Amino acid sequence: MTDRMMIKQWRKRNKRCMKSNKYFESFKSNTHKGFIKRDFCNDEFLDLMHNPDRTFSQPAVSIIKDSHTTSSCVMPIKIGGRKVEVHIKRYNYQNIFYALKNLFRTSRGKRVWKVAHRLISRNIPTPLPISFLEQRKGRFLIKSFFITQKIDQSLPLHTLLQESFLNAQIETIKNKNVLIQQTARLIRAMHDRGVWHGDLKSANILVEKKDGQEDKLYLVDLDSTRIKTRLERKDKIGDLARLNVSLLNTRIVSTPDRLRFLKYYLNVSKKRDIRVRDYWKEAVLKTQKKLRKSGRKFIT
Ligand SMILES: Nc1ncnc2c1ncn2[C@@H]1O[C@H](COP(=O)(O)OP(=O)(O)O)[C@@H](O)[C@H]1O
Ligand SMILES: [Mg+2]
């Protein structure tokens, strides 16, 4: 397909997740409004949609995070006779300024819902979006929610890299190289298709590990993600530097590993390619700049 045709198709698909149709269903209660992926629309899930806060205190639920700004939990549900787990992220009410700021703004939950679908139409892997909800009093935003299907048997990228470092056998080193290559290819595809992640840390890349299957990577935490027709170089460097900041330890990811990453990211045949060198210089500069605020340094 030509670029123009592809962009036209992406635009058409973008609207689909905000309409009731074959794939989605709108949801409205006295307090909450949102959309649900149609095949998740059963009594149990609708009950969750009516009382999303109550979910956080149910015994079967495991709480992952509970901070001032966001809370998240994992909950088992039954869909079409099949047991699945859903990951619920709640954007909490902060203060009156938060409510005022969001008077005419799209809630986080809704924004992330739309962004996740735009990633999916671009074939960029992210956990399956199931629903979003927003709770307003009049126009005042109280909270919003974003629900995805939990990726079973998955670990964040940094945990896996750490493990490969700790048992440095030939086999795990090979796995580490494969992981670096897969990550680089994923980020290249994402940038090529106009997606700037905005919070690209190793904790926001999930690796699904299933026996007998190739590892699969997913991007999560799309709160700051922006989608453009074409990314500028500084956007790309921004994402790369942030990822670098999240993996500073060169005993876990060595400098040659990082250069290899750039080789795959830029799709060139040699680590010594001039483009690798240019990107490396810029990404290191940007990394140092980011670290200066916290008094840290990146030593290559
Ligand atoms: N669909 C999912 N399946 C499995 N794990 C997930 C899923 N979504 C998020 N997580 C895990 O939860 C963590 C926190 O989620 P994230 O959206 O990154 O929120 P935060 O803003 O708290 O960083 C992620 O780093 C990831 O490990
Ligand atoms: Mg995160």
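The rules behind the values
Residues numbered from 1 in each chain as written. Chains lettered and ligands numbered in written order. Predicted model: local features only at pLDDT ≥ 70, side-chain atom pairs only at ≥ 80, totals over all residues. Heavy atoms only, no water. Axes fitted to C-alpha atoms, helices over the stretch in contact; angles between N-to-C directions. Helix = DSSP H or I, 4+ residues; strand = E, 2+ residues; numbered from the N terminus. Parallel < 35°, antiparallel > 145°, perpendicular 65-115°, else oblique. Left-handed = near helix turned anticlockwise from the far one by under 90°. Contact = heavy atoms within 4.5 Å. Nonpolar A, V, L, I, M, F, W, Y, C, P; charged D, E, K, R; others polar. Donors = N, O, S within 2.8 Å, 3.2 Å for Na, K, Ca; no water. Buried < 20%, exposed > 50% of the residue type's maximum accessible area, 1.4 Å probe, protein only. Phe/Tyr/Trp six-rings, centres within 6.5 Å; stacked < 30°, edge-to-face > 60°.

J.: Explanation requested: the packing of helix H7 (residues 170-192) against helix H9 (residues 255-266) in the structure shown.
T.: When two helices pack together, you describe them by how their axes are tilted relative to each other and by the distance separating the axes. The contact between H7 and H9 brings their axes to 8 Å, and the two run at 40°. On the basis of their axis angle, the class for H7 and H9 is oblique. Considering the relative orientation of H7 and H9, their crossing is right-handed. Here H7 contributes Lys176, Asn177, Ile180, Gln181, Thr183, Ala184, Arg185, Ile187, Arg188 and His191 to the contact with H9, which in turn contributes Asp257, Arg260, Phe261, Tyr264 and Tyr265. Among the residues making up the contact of H7 with H9, the classes are represented as 6 nonpolar, 4 polar and 5 charged.

J.: Could you clarify how one ought to interpret the coordination of the magnesium ion (ligand 2) in this entry?
T.: In a perfect tetrahedron of four donors around a metal, the angles come out at 109.5 degrees. In a perfect octahedron of six, they are 90 or 180 degrees. In this structure, Asn204 (OD1) and Asp221 (OD) serve as the protein donors to the magnesium ion (ligand 2), at separations of 2.2 Å. Here the residue asparagine 204 occupies a position in the loop between strand S9 (195-196) and strand S10 (205-208), and aspartate 221 occupies one in the loop between strand S11 (216-219) and strand S12 (226-227), the gap between them amounting to 17 residues. Relative accessible area serves as the criterion here: at 23%, aspartate 221 is assigned to the partly exposed category.

J.: Just to check I follow, could you spell out the packing of aromatic side chains for this structure?
T.: The full count for this structure, using the stated rule, is 9 aromatic pairs. Between tryptophan 280 and phenylalanine 298 the ring centres are 6.3 Å apart and the planes differ by 75°, which places this aromatic pair in the edge-to-face class. Linking tryptophan 280 in helix H10 (residues 274-292) with phenylalanine 298 in the segment after H10, this pair joins segments that are 18 residues apart in sequence. In terms of burial, tryptophan 280 and phenylalanine 298 fall into one category: buried. Linked through ring pairs, Tyr23, Phe24, Phe35, Trp113 and Phe132 together constitute an aromatic cluster.

Read these as geometric descriptors, not functional statements.
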